[in-house]
Amino acid sequence: MGRSIIFVYGIAAYVIFLATFLYSIGFVGNILVPKSIDSGVQGPVGVSVAINLALLSIFALQHSVMARPAFKRVWTKIIPKAAERSTYIWMTCAALILIFVFWQPLPTPIWSAAGTFAGTALSALFWVGWLVVLASTFMIDHFDLFGLKQIYANLRTRVATQPEFMKTGLYRLVRHPIMTGFLIAFWATPIMTVGHLLFAVVTTGYIVIAVRHLEETDLIAEIGDDYLAYRRDVPAFVPGFRWGR
Ligand SMILES: C[S@@+](CC[C@H](N)C(=O)[O-])C[C@H]1O[C@@H](n2cnc3c(N)ncnc32)[C@H](O)[C@@H]1O
């Protein structure tokens, strides 16, 4: 691939990511989008649960495999190194779009606080969650995380520098603020349906397992004692809450 083609490919990945990110907010929050987590007609419960679990598994598999250093080493023998992160973003968006299109609604409410103070507070918390996600991406390295740094450096015949290990800002409070933001956004809803609960439970399980057993294993291998000390001192997801260490 020529440098300009890689650049356009990476910019397109970022644009698609922005659209997918915005759609995710609407999908989880049942806001504005034509197809959301609770919209549509319910089918047989067993079939709906099986389809939804399959969709979430595809996302988890894509995310877990493509982010591993060993996979990247092999993968970048096939595709240009500068396009690796953008390709990861393309595939992440594809997995998310599959969820948006094929998700089966299970709209029976578990709790309903709409129109109450608690409901308003949960709606506000939902937005706080997404804001925490976005802000945290800028605290590590937003442009590296979404491949723009790599494609720009490549365009200028350079190699992008590695992002620094971050321990300040929200990363001083918790080790995984992006995931904390997602957890808040997925659970804070004025109306919790069976489908939404399935989504929240499965994504929470995946986040906890993947972060501890995959991402942190890679970070310890890469950073070593500095990360181990950070892990000792800073909780995983909830500020001041030691259980999440
Ligand atoms: C999707 S981000 C999630 C980061 C973190 N788990 C969170 O929830 O905020 C994954 C990337 O962040 C990087 N990362 C995780 N913790 C970091 C830190 N403290 N400083 C810099 N990069 C970090 C990982 O190496 C990985 O490439």
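Residues numbered from 1 in each chain as written. Predicted model: local features only at pLDDT ≥ 70, side-chain atom pairs only at ≥ 80, totals over all residues.

J.: Pulling in residues and values, what's your account of the UniProt feature "transmembrane region" (unreviewed entry) in the protein?
T.: In the numbering used here, UniProt assigns the "transmembrane region" (unreviewed entry) feature to residues 7-33, 45-66, 87-104, 110-140 and 182-209. End-to-end, the C-alpha atoms of residues 182-209 are 15 Å apart, and along that stretch the chain is 79% helix and 11% strand. (UniProt positions renumbered as here; feature names shortened; annotations may be inferred. Helix = DSSP H or I, 4+ residues; strand = E, 2+ residues; numbered from the N terminus.)

J.: Outline the packing of helix H2 (residues 45-66) against helix H4 (residues 84-102), listing residues and values.
T.: Where H2 contacts H4, the axes come no closer than 9 Å and their chain directions differ by 175°. Put simply, H2 runs roughly antiparallel to H4. Contacts between H2 and H4 pair Ile51, Leu55, Ile58, Phe59, Gln62, His63 and Met66 from the former with Tyr88, Met91, Thr92, Ala95, Leu96, Leu98, Ile99 and Phe102 from the latter. Within the contact of H2 with H4, the residues separate by chemical class into 12 nonpolar, three polar and no charged. (Axes fitted to C-alpha atoms, helices over the stretch in contact; angles between N-to-C directions. Parallel < 35°, antiparallel > 145°, perpendicular 65-115°, else oblique. Contact = placed C-beta atoms within 7 Å. Nonpolar A, V, L, I, M, F, W, Y, C, P; charged D, E, K, R; others polar.)

J.: Describe in detail helix H5 (residues 117-139), supporting the description with residues and values.
T.: In a regular helix each residue adds 1.5 Å, so 23 residues correspond to 33 Å; H5 covers 32 Å between its end C-alpha atoms and thus fits that length. Here H5 has its buried residues at Phe126, Gly129, Trp130, Val132, Val133 and Ser136. (Expected span 1.5 Å × (residues − 1). Buried ≥ 20, exposed ≤ 12 C-beta atoms within 10 Å, placed from the backbone.)

J.: An account of the site of the ligand is needed here, citing residue identities and associated values.
T.: Taken together, 13 residues lie around the ligand, and Ile140, Met166, His176, Ile178 and Met179 are the ones closest in. Mapped onto the shell around the ligand, the elements with two or more residues apiece are helix H9 (177-187) and helix H10 (194-223). Classifying every residue of the shell around the ligand gives 10 nonpolar, two polar and one charged. (Near = placed C-beta within 6 Å.)

J.: How would you summarise the environment of Val128 if you had to cite specific residues and measurements?
T.: Mapping Val128 onto the fold places it in helix H5. Sequence-wise, Val128 and Ile184 are 56 residues apart; in three dimensions their C-alpha atoms are separated by 7.7 Å.

J.: Help me get a handle on unusual backbone geometry, residues and values and all.
T.: A positive phi angle, near 55°, is found at Asn30, a position not held by glycine. Inspection of the secondary structure puts Asn30 in the loop between helix H1 (3-29) and H2. Note on Asn30: 17 C-beta atoms within 10 Å, which makes it partly exposed. Phi at Thr157 takes a positive value of approximately 55°, unusual for a residue other than glycine. Positionally, Thr157 belongs in the loop between helix H7 (148-155) and helix H8 (170-173).

J.: Give a description of the nonpolar core that names residues and reports values.
T.: A general feature of soluble globular proteins is that nonpolar side chains tend to end up buried together. If you look at the biggest cluster of nonpolar residues, it comprises 22 residues, and the most contacted ones within it are Val133, Met179, Phe182, Leu183, Ala185 and Phe186. Within the residue set of this core, elements represented by two or more residues are H1, H5, H9 and H10. Examining the composition of this core, we find that six residues originate from one element, H9, more than from any other. If you look at the next biggest cluster of nonpolar residues, it comprises 13 residues, including Ala83, Ile89, Leu148 and Ile151. (Core = buried A, V, L, I, M, F, W, Y, C linked by C-beta atoms within 7 Å.)

J.: With reference to specific residues and values, describe the confidence of the model for the protein.
T.: For the protein, per-residue confidence averages 96 on the pLDDT scale, and 98% of positions sit at 70 or higher. As a predicted assembly, this complex carries a pTM of 0.97 together with an ipTM value of 0.99. (pLDDT = per-residue confidence, 0-100.)

J.: Explain the packing of H2 against H10 to me, and be specific about the residues and the numbers.
T.: Between H2 and H10, the shortest axis-to-axis distance is 11 Å and the interhelical angle comes to 25°. In this view, H2 runs roughly parallel relative to H10, as classed from their interaxial angle. Handedness of the H2/H10 crossing: right-handed. Along the contact surface, H2 presents Val49, Asn52, Leu53, Leu56, Ala60 and Ser64, while H10 presents Leu198, Val202, Thr203, Tyr206, Ala210 and Leu214. Of the residues assigned to the contact of H2 with H10, the class counts are nine nonpolar, three polar and no charged. (Left-handed = near helix turned anticlockwise from the far one by under 90°.)

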